[in-house]
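In case you want the letters, here they are:
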Amino acid sequence: AQSVTQPDARVTVSEGASLQLRCKYSYSATPYLFWYVQYPRQGLQLLLKYYSGDPVVQGVNSFEAEFSKSNSSFHLQKASVHWSDSAVYFCALRWGGGNYKPTFGKGTSLVVHP
Amino acid sequence: DAGVTQTPRHEVAEKGQTIILKCEPVSGHNDLFWYRQTKIQGLELLSYFRSKSLMEDGGAFKDRFKAEMLNSSFSTLKIQPTEPKDSAVYLCASRLTDSNERLFFGHGTKLSVL
């Protein structure tokens, strides 16, 4: 069955440190993959997406993600985090085959200490 | 640009009541989604409409949850009767078409059932 797994429910880092948020997926074909961010009391906003081409995709606010077909992963990275990056991050996969519904991971809560 | 509008922002209900949550998608969008968000389960799909046709009704949520698209610019989610375990944030999202993969989310309705 198609699924998205974010193994870390919560990640804590210091401001200025590098960041990696992990995402693993299970899907039989090449998926559309997304990262969304949710700031407190707001809806989700798109950070970046991947379907094909260069496995490293750039997103807003200096985030990037790397797709790995061999590892079935789509990890989110940032070289230097800011306290304002504190939020919940969701990895998502869009099904194909005529359905096209998105499936979300359970999210990773990022806390950045000043 | 008008994004996805959800009303109300907060709802408090007594157990057994009927509540109706409202959503106005981005103008011109063809796909509409209702999700339930909790810390434990993350985002769970309740309903998925494409061009006002119901594509998926969220399986386990069928018996007390009913989403409708009265027209292309308005959707409701009825919960009847409410139970305390329904306390969660309910998110509405819209998408232009299934070929334009980004979802636009509303701020959500926080439901508390006493």
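In what follows, the structure referred to is the one given above.
Residues numbered from 1 in each chain as written. Chains lettered and ligands numbered in written order. Predicted model: local features only at pLDDT ≥ 70, side-chain atom pairs only at ≥ 80, totals over all residues. Heavy atoms only, no water.

### Side note on the packing of aromatic side chains
Here a ring pair, both rings aromatic, is described through the centre-centre distance and the interplanar angle of the planes.
Residue and element names in this part refer to chain A.
Phase 1 of the analysis: Counted according to the given criterion, the structure contains 14 aromatic pairs over all chains.
Phase 2 of the analysis: Seen from their ring centres, Y32 and Y51 are 4.1 Å apart, and the 15° between their planes marks the pair as stacked. You can see Y32 sitting in strand β5 (residues 32-38) and its partner Y51 sitting in the loop between β6 (44-50) and β7 (56-58), a full 19 residues away along the chain.
Phase 3 of the analysis: Given a relative accessible area of 17%, Y32 falls into the buried group. (Phe/Tyr/Trp six-rings, centres within 6.5 Å; stacked < 30°, edge-to-face > 60°. Helix = DSSP H or I, 4+ residues; strand = E, 2+ residues; numbered from the N terminus. Buried < 20%, exposed > 50% of the residue type's maximum accessible area, 1.4 Å probe, protein only.)

### Focus on the nonpolar core
Phase 1 of the analysis: Judged by nonpolar contacts, the single largest core of 27 residues is most densely connected at L19, W35, L47, L48, F74, L76 and Y89 of chain A.
Phase 2 of the analysis: Put simply, the parts of the chain that give this core at least two residues each are β2 (10-14), β3 (19-21), β5, β6, β8 (64-68), β9 (73-78), β10 (87-94) and β12 (108-113) of chain A.
Phase 3 of the analysis: Aside from chain neighbours lying at most four places away, what touches L47 of chain A is W35, Y36, V37, G59, V60, F63, L76 and Y89 of chain A.
Phase 4 of the analysis: Core analysis: the next-biggest nonpolar cluster, separate from the first, contains 21 residues, A13, L46, F65 and C92 of chain B among them. (Core = buried A, V, L, I, M, F, W, Y, C linked by side-chain atoms within 4.5 Å. Contact = heavy atoms within 4.5 Å.)

### Thoughts on the environment of T12 of chain A
Residues and elements named next belong to chain A.
Phase 1 of the analysis: Within the secondary structure, T12 sits in strand β2.
Phase 2 of the analysis: Taking the C-alpha atoms as reference, T12 lies 7.5 Å from H113; in sequence the two are 101 residues apart.
Phase 3 of the analysis: Beyond its immediate chain neighbours, meaning those up to four positions away, T12 contacts V111 and H113.

### Re the state of the cysteines
Phase 1 of the analysis: Applying the stated criterion to the full structure yields two disulfides over all chains.
Phase 2 of the analysis: Each sulfur of the disulfide joining C23 of chain A and C91 of chain A lies 1.9 Å from the other. Because the torsion about its S-S bond is -65°, the bridge between C23 of chain A and C91 of chain A counts as left-handed. Remark: C91 of chain A occurs in strand β10 and C23 of chain A occurs in the loop between β3 and β4 (24-26); sequence separation between them is 68 residues. Side by side, C23 of chain A and C91 of chain A carry an identical accessibility label, which is buried.
Phase 3 of the analysis: Paired through a disulfide, C23 of chain B and C92 of chain B show a sulfur-sulfur distance of 1.9 Å. Classification of the bridge connecting C23 of chain B and C92 of chain B rests on its S-S torsion, roughly -70°, and on that basis the disulfide is left-handed. (Disulfide = S-S within 2.5 Å.)

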